[in-house]
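The lines below spell out each chain.
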Amino acid sequence: MLASEAIYAILGPIFNNRVGPAPLPEGFDKSLTYITYEGITSMPLMTVKNWTGHDQVRIQVNVMDHDNIECEKSVIRVKRAMDSQSVVSCDFLGECYAGLDVETQLWQIQIDFYIWQKSC
């Protein structure tokens, strides 16, 4: 399973499918909490002979909300969901409080994970 498929499968049900790759398409309803994700880096798992078909992907998950407290609560829900899931191997790396984006008037907190993905 690809890392992006895993993120959507794990977080989609929790956030009423308000989860998608960054940037979200124009016209996406941003009136409620939503989650974006993006791949940051990828490290292939190699053997002496070749690539094994597995990669360790660093994924950034962005939690966006109009209310700061709700944004923080949603971050806790994301971390709990990613920690308790059994879909993919996942390690929590840290989070960054991005604050209020003046242009969109949305609070944002970024969470980074390492996820092992297997190519199809």
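Each value, and the rule that gives it
- Residues numbered from 1 in each chain as written.
- Predicted model: local features only at pLDDT ≥ 70, side-chain atom pairs only at ≥ 80, totals over all residues.
- Heavy atoms only, no water.
- Core = buried A, V, L, I, M, F, W, Y, C linked by side-chain atoms within 4.5 Å.
- Buried < 20%, exposed > 50% of the residue type's maximum accessible area, 1.4 Å probe, protein only.
- Helix = DSSP H or I, 4+ residues; strand = E, 2+ residues; numbered from the N terminus.
- Contact = heavy atoms within 4.5 Å.
- Pairing = 2+ DSSP bridges.
- pLDDT = per-residue confidence, 0-100.
- Arc of directions from axis to C-beta.

Colleague: I would appreciate a short explanation of the nonpolar core in the present structure.
Modeller: Grouped burial of nonpolar side chains is what soluble globular proteins tend to show. Of all hydrophobic cores here, the largest spans 24 residues; its most connected members are Ile7, Leu11, Val61, Val78, Met82 and Ile115. When contributions to this core are tallied by element, the ones reaching two or more residues are helix H1 (3-11), strand E2 (34-46), strand E3 (51-65), helix H2 (68-84) and strand E5 (106-118). Beyond its immediate chain neighbours, meaning those up to four positions away, Leu11 contacts Val19, Ile35, Val61, Val78, Ala81 and Met82.

Colleague: Sorry, what's going on with the pairing of strand E4 (residues 90-101) here?
Modeller: Regular strands place their side chains on alternate faces of the sheet. Inspection of the sheet shows E4 paired to E5 by ten bridges, in the antiparallel sense. Looking at the pairing, Glu95 lines up with Ile111 of E5. Once E4 ends, the chain turns through four residues before running back antiparallel as E5, passing Gln105 with a positive phi of about 60 degrees.

Colleague: Quick question: what am I supposed to make of the confidence of the model for the chain here?
Modeller: Detailed reading of the predicted coordinates is not advisable wherever pLDDT falls low. With 98% of its residues at a pLDDT of at least 70, the chain reaches an overall mean of 90. Confidence, expressed as mean pLDDT per element, reaches its minimum in the chain at E2 with 86 and its maximum at H2 with 96.

Colleague: Looking at this model, I keep getting lost on unusual backbone geometry. Mind explaining?
Modeller: Peptide bonds are trans in most cases, and residues, glycine excluded, mostly fall at negative phi. Looking along the chain, the bond that leaves Ala22 and enters Pro23 is cis, with omega of -5 degrees. You can see Pro23 is positioned in the loop between strand E1 (19-21) and E2. The backbone phi angle of Asn16 is positive, close to 50 degrees, even though this residue is not glycine. With a phi close to 60 degrees, Gln105 is a non-glycine residue in the positive phi region. Its place among the elements puts Gln105 in the loop between E4 and E5. The class for Gln105 is partly exposed, based on a relative accessible area of 42%.

Colleague: Explanation requested: H1 in the structure shown.
Modeller: For an α-helix the count is 3.6 residues per turn, leaving residues at separations of three or four pointing the same way. Here H1 has its buried residues at Ala3, Ala6, Ile7, Ile10 and Leu11. An end-on view of H1 places all buried positions within 105 degrees of arc, on one side of the element.

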